[in-house]
Amino acid sequence: MFSPREGGLVRGWPGRIEGDRVIQLAAQTLQAYFTGGGIAREHAEYALEDVVLRAPVLQPPSIRIFGRDGDFHFANPAAIHGPDDVVHVPVGASGIVPVARLAAVVGAAGTIGGYTLMNDWEAPELTGTKATDFATSLGPIVVTPDELTGNDVDFQALADHAAENTKLVPGDLIVAPGGSRKELVGPGEIGEVSLPPFGSLRNPVAAAAAQPGGAATS
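Computed from a prediction, not measured in an experiment: that's the story for all the values here.

**Student:** Whenever I open this one, the packing of aromatic side chains confuses me. Can you help?
**Tutor:** Under the definition given, this model contains seven aromatic pairs. Members of the aromatic cluster, connected to one another through ring pairs, are F2, W13 and Y46.

Structure follows, in structure tokens:
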């Protein structure tokens, strides 16, 4: 997903990157693009330097993060951040740890539509789910299954397991086990994860934001 740098479109549009250009695709969201079979008319063309890359899925219907035991837990779909979005340290923590993970984006009919880089932020000073549900970053690009090589995770098997007794919908995220933890970062610093061929996913880190009903800072 992308938007023209001067456009102010927070959600953005789906696009295809070709070299130093981005071609806008005729779909409202990445989910809509996948639902349409991964085929869409082409619209305007932009220089890559003139656009802002957004989170591939702004509000995923669900996020399932798998462990090495084959089970999974759900993450918070309301806490998605895109590239260069500010991530706030949660109340009660002095810093946060970037954790690089590989995520598959579900396409049509429960199949894998593509892959993206995830920063599964952690706050080591907090406990339980509150240590991770404050922020998740996605982006900057989605790589199609035919373009991703050297991956030894069977994402389709994970997706099939996730779909047992329920169903997956386009935009659901299936996250691989494992992950690469980085060093703690605090307000005023940049948290960054990278993984070929996705490039780098960077977010400036800020102090805790004011909470509803009153101000709170870390």
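Past the structure itself, the notes keep going.
**Student:** Before we go on, may I ask you to explain the side chain of R64 in this structure?
**Tutor:** By the secondary structure assignment, R64 is in strand 6 (residues 63–66). No salt bridge is formed by the buried R64; the nearest opposite charge belongs to D172, separated by 4.2 Å. Those residues in contact with R64, other than ones at most four positions away along the chain, are F72, H73, F74, A162, T166, L168, D172, L173, I174 and V175.

**Student:** I tried to follow the pairing of strand 11 (residues 112–119) on my own but got confused; where do I start?
**Tutor:** Note on strand geometry: in a regular strand, side chains alternate between the two faces of the sheet. Burial of strand 11 is extensive: eight of the eight residues sit out of reach of the surface. Pairing between strand 10 (residues 99–106) and strand 11: seven bridges, direction antiparallel. Its bridge partner being in strand 11, L102 is matched across the sheet by L117. In this sheet, strand 12 (residues 136–143) lies alongside strand 11 in antiparallel orientation, the contact comprising four bridges. The partner of M118 across the bridge, within strand 12, is L138.

**Student:** Even after reading the chapter, I still don't get the sheet that holds strand 9 (residues 87–88), so can you show me in this structure?
**Tutor:** Sheets are built from strands paired through backbone hydrogen bonds, the pairs being either parallel or antiparallel. A sheet is described by the order of its strands in space; here three strands give the open sequence 9-16-15, paired in mixed fashion. Here the strands that pair on one side only, and so sit at the sheet edges, are strand 9 and strand 15 (190–195). Pairing of strand 15 with strand 16 (residues 199–206) involves six bridges; the strand directions are antiparallel. Each residue of the ladder has a partner; that of V193, found in strand 16, is L201.

**Student:** Any chance you could explain the side chain of H81 here in plain terms?
**Tutor:** Structurally, H81 is set in strand 8 (residues 80–81). Using a relative accessible area of 15% as the deciding quantity, one classes H81 as buried. Polar contacts involving the side chain of H81 include one to the main-chain carbonyl oxygen of A79, which spans 3.0 Å. For H81, the contacting residues outside a window of four places in its chain are A55, V86, V87, F134, A135, T136, S137, L138 and N203.

About the criteria used
- Residues numbered from 1 in each chain as written.
- Predicted model: local features only at pLDDT ≥ 70, side-chain atom pairs only at ≥ 80, totals over all residues.
- Heavy atoms only, no water.
- Phe/Tyr/Trp six-rings, centres within 6.5 Å; stacked < 30°, edge-to-face > 60°.
- Helix = DSSP H or I, 4+ residues; strand = E, 2+ residues; numbered from the N terminus.
- Buried < 20%, exposed > 50% of the residue type's maximum accessible area, 1.4 Å probe, protein only.
- Lys, Arg positive; Asp, Glu negative; His and termini not counted.
- Salt bridge = Lys/Arg side-chain N within 4 Å of Asp/Glu carboxyl O.
- Contact = heavy atoms within 4.5 Å.
- Pairing = 2+ DSSP bridges.
- Polar contact = N/O pair within 3.5 Å; in protein donor to acceptor, adjacent residues only side chain to side chain.

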